[in-house]
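Observations on the model geometry
The lines below spell out each chain.
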Amino acid sequence: MENKALWSWVDKISREWFGKPYPDEVIMNNRLRTTGGRYLPAQRRIELNPKYLSELGEEEFEGIIKHELCHYHLHIEGKGYQHRDPEFRALLKKTGSPRFCKALPSRYREPNHIYQCEDCGHIYKRMKRVNTSKYRCGKCKGKLKKIE
């Protein structure tokens, strides 16, 4: 997607959901790996991950744009724009923006170790091995056993 088309899409979402134009820069950043986008306050620029558009579609990507616009508009207004700020959380809820983006399907890896609680049967999938004599079930404090 070209920068001009991307900027007009972001500006349209900004006017529709926030009632304000988006005059600053927005770019696609291929180097982003685990995040859908980021807002850089020092440059007043939004960077978006193009992999989310190609792998998860326009609806998920629009949610990421709305999330980054929440950061942007709160920062411009001088309010709390970080994830922990109550103003940010309230604006996310008001606009229906996701707090976090979904994981990319291309980045998913199968877990190497699977554990099950002996008491409640809850299953834990882990990439790293867990010391079953040291750790217990987080739900019921039962003993864990390795099943795979």
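Data block above holds the structure.
Quantities reported herein were computed from a predicted structural model and do not represent experimental measurements. (Residues numbered from 1 in each chain as written. Predicted model: local features only at pLDDT ≥ 70, side-chain atom pairs only at ≥ 80, totals over all residues. Heavy atoms only, no water.)

Focus: the nonpolar core
Judged by nonpolar contacts, the single largest core of 23 residues is most densely connected at Leu6, Val10, Ile46, Leu48, Phe61, Ile65 and Leu69. When contributions to this core are tallied by element, the ones reaching two or more residues are helix H1 (3–18), strand S1 (25–28), strand S3 (45–48), helix H3 (58–77) and helix H4 (86–95). When neighbours within four sequence positions are excluded, valine 10 is seen to be in contact with Tyr22, Val26, Leu48, Ile65 and Leu69. (Core = buried A, V, L, I, M, F, W, Y, C linked by side-chain atoms within 4.5 Å. Buried < 20%, exposed > 50% of the residue type's maximum accessible area, 1.4 Å probe, protein only. Helix = DSSP H or I, 4+ residues; strand = E, 2+ residues; numbered from the N terminus. Contact = heavy atoms within 4.5 Å.)

Some points on the sheet that holds S1
Taken together, the 3 strands give an open sheet; going across it, the order is S1-S3-S2, and neighbouring strands pair in mixed fashion. The outermost strands of the open sheet, each flanked by one partner alone, are S1 and strand S2 (37–40). Shown here is a sheet whose adjacent strand axes are inclined to one another by a mean of 15 degrees, direction ignored. As paired strands, S1 and S3 are joined by 4 bridges and run parallel to one another. Directly across from glutamate 25, in S3, lies its bridge partner arginine 45. (Pairing = 2+ DSSP bridges. Axes fitted to C-alpha atoms, helices over the stretch in contact; angles between N-to-C directions.)

Keep in mind that these numbers describe shape and distance, not what the molecule does.
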